[in-house]
Amino acid sequence: MYGTYKKIPTYETFVDGGKEGLKIAIQLIPFLVGMLVAISVFRASGAMDAIIQFIQPVLSIFGVPADIMPLALMRPISGTGALAITTDLIATHGPDSFIGRLASTMQGSTDTTLYILTVYFGSVGIKKMGDALKVGLLADAVGIIASIIIVSLVFSI
């Protein structure tokens, strides 16, 4: 209504915005494909399993179940991959289990940092993303640690 009041061609402006949105979506495809391939290589190579086995002794000291670590490692990389892991954890352990509650809390407390940097920064041509990467991964680490502490305190192991 405001656009019409100001005599702006609202429908044409809407259509132009739709065209621009499609152009951006097409520009994002190479970045999305690259990210999906990288995630597949990471999971299929066994790197995730190797990392989990390496840190499992430290996790046991703090009472953190090793089952949750694939989610902690995947969440900064892929939202879809992390959601699949969360779904599997909840199906395996139950939604009211410690692991189910921790997975749900962790899913909501962290973000897909590498995905955001790859897709959004890449689509607009930002090349220098070092500081954003550091801050994003730090925020993910804080979210993961806070999830573990809060779920442990609230739902005691």
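Residues numbered from 1 in each chain as written. Predicted model: local features only at pLDDT ≥ 70, side-chain atom pairs only at ≥ 80, totals over all residues. Heavy atoms only, no water.

Caption draft 1: Summary view of the overall build of the protein. The secondary structure content of the protein amounts to 8 helices and 0 strands. Starting at the N terminus, the α and β elements of the protein follow one another as α-α-α-α-α-α-α-α. Relative to its length of 157 residues, the protein is extended, with a C-alpha radius of gyration of 20 Å against a globular reference of 15 Å. Burial analysis of the protein (157 residues in total) assigns 30% to the buried set. Taken as a whole, the protein presents about 10100 Å² of accessible surface, with 69% of it coming from carbon and sulfur. For the protein, the distance from the average site of its 10 positive side-chain charges to the average site of its 10 negative ones is 12 Å. (Helix = DSSP H or I, 4+ residues; strand = E, 2+ residues; numbered from the N terminus. Rg over C-alpha atoms; globule rule 2.2 N^0.38 Å. Buried < 20%, exposed > 50% of the residue type's maximum accessible area, 1.4 Å probe, protein only. Areas by Shrake-Rupley, 256 points an atom, 1.4 Å probe, with all protein chains shown as cover. Lys, Arg positive; Asp, Glu negative; His and termini not counted. Charge placed at Lys NZ, Arg CZ, Asp CG, Glu CD.)

Caption draft 2: Structural context of the layout of surface pockets. By volume, the largest pocket amounts to about 180 Å³. Around the largest pocket, the lining residues are Ile55, Val58, Leu59, Phe62, Val64, Ile145, Ile148, Ile149 and Ser152. The residue makeup of the lining of the largest pocket, split by class, is 8 nonpolar, 1 polar and no charged. (1 Å grid on protein atoms, 1.4 Å probe; cavity = no way out; pocket = protein on both sides within 12 Å on 5 of 7 lines; lining within 4 Å. Points joined across faces, edges and corners; volume = space filled by probe spheres on them. Nonpolar A, V, L, I, M, F, W, Y, C, P; charged D, E, K, R; others polar.)

Caption draft 3: Examining the environment of Ala25 more closely. Looking at the secondary structure, you find Ala25 in helix 2 (residues 10-44). By relative accessible area, Ala25 is classed as partly exposed at 39%. Placed 43 residues apart in sequence, Ala25 and Ile68 show a C-alpha to C-alpha distance of 33 Å.

Caption draft 4: Highlighting the side chain of Thr110. By secondary structure assignment, the location of Thr110 is in the loop between helix 6 (98-109) and helix 7 (113-123). Residue Thr110 is classed as buried on the basis of its relative accessible area, which comes to 8%. Within the structure, Thr110 has its side chain in polar contact with the backbone oxygen of Met106 (distance 2.9 Å). In contact with Thr110, not counting residues within four places along its chain, are Arg75, Asp140, Gly143 and Ile144. (Polar contact = N/O pair within 3.5 Å; in protein donor to acceptor, adjacent residues only side chain to side chain. Contact = heavy atoms within 4.5 Å.)

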